[in-house]
Amino acid sequence: MSTHPDSILEIDLDAVAANWKILRARLRRGCEAAAVVKADAYGVGMAKVAPRLWRAGCRLFFVADAEEGLALRKLLPTARIAVLQGFEAAAARDFAAGRLIPVLNHLGQIAQWQKAGRGAPAMLHLDTGMSRLGLPPSEATRLVDDPSLLHRVALAGLMSHLTTAWDRSAKVNRMQLDAFRILLKSLPPAPASLASSSGIFLGPAYHFDFVRPGAALYGANPLPNHFNPMRQAIILKAKIIQTRELGKGAAIGYDGTYRMKRRGRIATLAMGYADGWLRAASNRASVGLGGRRAPIVGRISMDLITVDVTQIDPRLTRPGAYADLLDDHYGVDDFAHDAGTIAYEVLTQLGGKHHRVYRTTTHA
Ligand SMILES: *Cc1c(COP(=O)(O)O)cnc(C)c1O
């Protein structure tokens, strides 16, 4: 491990735990807060995040597939672990070994679980408008008409997923809520769940028995374009490798997409799209230096970005100094906005290339 790494990704585990508690505090009485830790906890690091959330009181975790589930089982021997992709017969051993709860998405998965699941708990995912995973209405109707299709399936949950929860004014929220309620009435009783991060903020009618937040735990704004109620959990810094003086008109980077408007200074930083610093943010995003913003100018390249530091104190822009790429003032949502994407993609693209530092002060 380098003592002076190119980039440092600092993850505040206490902030992740605090975010989980902020969400939990909003829930209607009796509603449980789970945590979604798929995709290595949105790139933040499941191995650190999940135990910290467990200490905060979280007992139900969602992962994408059985492989993630087994990895999580090693960390948390007694947590309930649900697998969003559901079940296939080839994974029967993994599900048994990891005591994993499949989220069954179609009649085929239900039938396979009936055979291989030995009566162990499973959840059902009901599609109410996402058209992605979950029983389509026709299959849900067959379940209602023929209860034998659920024999030997211990129902641990009935869930659905909202398509547009971050937009309070979207009519589809109410339509999905109504569709979900109708399905709950006709299916056998089980804990119900509709809301993820943003859905929690649609109010108690959307909370049911448990909620499944992911992105908001890691600091992403569940209410885009509104005040972010979550704490920033991530700091990203990158090292300056070279700084140069340039005259008016000098072109910078591939394709020369930026030309100096006047004489000034450009710093080149060890960070690029291979590190998750998305190329679409070229000539749009900025970095922090000593509390001031400095614009990224020219194309973001694979391992490098160029920043106009003309307005920054030269003592802060020497080779070896660090610039702030993500911090409390410019978070994952801000960078996502500049890159024309969403915080989810920014988080998951940060990947494993950065030197990681996990911060935690409390142990409860
Ligand atoms: C990813 C996912 C979640 C978490 O969603 P966030 O928007 O990150 O809170 C919840 N439920 C399902 C089915 C998911 O796929």
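Computed from a predicted model, the values in this text were never measured in an experiment.

Asker: Looking at this model, I keep getting lost on the overall build of the protein chain. Mind explaining?
Answerer: Helix and strand counts for the protein chain come out as eleven helices and 19 strands. Projected onto its principal axes, the C-alpha coordinates of the protein chain cover approximately 80 × 45 × 35 Å. Split into buried and exposed, the 364 residues of the protein chain put 53% on the buried side. Pairs at least 24 residues apart make up 64% of the contacts formed inside the protein chain by residues separated by at least 6 positions. With an accessible surface of roughly 16,700 Å², the protein chain has 53% of that area assigned to carbon and sulfur atoms. Of the side chains in the protein chain, 46 bear a positive and 31 a negative charge, and the two mean positions are spaced by 3 Å.

Asker: Would you take a moment to explain the side chain of Ser198 for this structure?
Answerer: Its place among the elements puts Ser198 in helix 9 (residues 197-200). With residues near it in sequence (within four places) discarded, Ser198 still touches Ala165, Trp166 and Pro222.

Asker: Explanation requested: the sheet that holds strand 4 (residues 60-63) in the structure shown.
Answerer: Strands in a sheet are paired, the pairing made by backbone hydrogen bonds, and the direction either parallel or antiparallel. Strand order across the open sheet formed by seven strands is 3-4-5-6-7-8-9, with parallel pairing between neighbours. Each edge of the open sheet is held by one strand with a lone partner, namely strand 3 (35-36) and strand 9 (192-193). With two bridges joining them, strand 6 (residues 100-104) and strand 7 (residues 121-125) adopt parallel strand pairing. Each bridged residue has a counterpart across the sheet, and for Leu104 the counterpart in strand 7 is Leu124. In the packing of helix 6 (residues 107-116) onto the sheet, contacts are made with strand 6 and strand 7, and the angle to strand 6 comes to roughly 150°.

Asker: Sorry if this is basic, but what is going on with the domain arrangement of the protein chain here?
Answerer: When the parts of a complex come together, some accessible area is lost, and that lost area is often used as the size of the interface. Entries for the protein chain in the domain assignment read domain 1 (13-218) and domain 2 (234-330). Just the C-alpha atoms count here: the centres of domain 1 and domain 2 sit 41 Å apart.

Asker: Got a minute to help me understand unusual backbone geometry in this structure?
Answerer: Backbone geometry follows two general trends: most residues other than glycine have a negative phi, and most peptide bonds adopt the trans configuration. Of note in the backbone geometry, Ala39 takes a positive phi value of approximately 50° without being a glycine. Along the chain, Ala39 falls in helix 2 (residues 38-42). The phi angle at Asp40 is positive, at roughly 55°, despite the residue not being glycine.

Asker: I tried to follow the site of the ligand on my own but got confused; where do I start?
Answerer: If you check the shell around the ligand, you find 14 residues, and the closest are Lys38, Tyr42, Ser197, Gly214 and Tyr344. Measuring from an oxygen atom of the ligand, one finds a side-chain N or O atom of Arg132 at 3.4 Å. Between the ligand and the protein, one listed contact pairs an oxygen atom with a side-chain N or O atom of Ser197 at 2.5 Å. Coverage of the ligand by the protein amounts to 91% of the 390 Å² it exposes when considered alone. For the shell around the ligand, the residue count by class is seven nonpolar, four polar and three charged.

Asker: Can you help me understand the environment of Tyr322 in this one?
Answerer: Position of Tyr322 relative to the elements: it lies in strand 18 (residues 322-326). Separated by 27 residues in the primary sequence, Tyr322 and Pro295 place their C-alpha atoms 15 Å from one another. Once you skip the residues sitting within four places of it in the chain, Tyr322 turns out to touch His4, Pro5, Asp6, Ile8, Lys237, Ala238, Lys239 and Leu289. A distance of 2.5 Å separates a polar side-chain atom of Tyr322 from the backbone oxygen of Pro5.

About the cut-offs
Residues numbered from 1 in each chain as written. Predicted model: local features only at pLDDT ≥ 70, side-chain atom pairs only at ≥ 80, totals over all residues. Heavy atoms only, no water. Helix = DSSP H or I, 4+ residues; strand = E, 2+ residues; numbered from the N terminus. Buried < 20%, exposed > 50% of the residue type's maximum accessible area, 1.4 Å probe, protein only. Contact = heavy atoms within 4.5 Å. Areas by Shrake-Rupley, 256 points an atom, 1.4 Å probe, with all protein chains shown as cover. Lys, Arg positive; Asp, Glu negative; His and termini not counted. Charge placed at Lys NZ, Arg CZ, Asp CG, Glu CD. Pairing = 2+ DSSP bridges. Axes fitted to C-alpha atoms, helices over the stretch in contact; angles between N-to-C directions. Domains from an automatic or database assignment. Near = heavy atom within 4 Å. Polar contact = N/O pair within 3.5 Å; in protein donor to acceptor, adjacent residues only side chain to side chain. Nonpolar A, V, L, I, M, F, W, Y, C, P; charged D, E, K, R; others polar.

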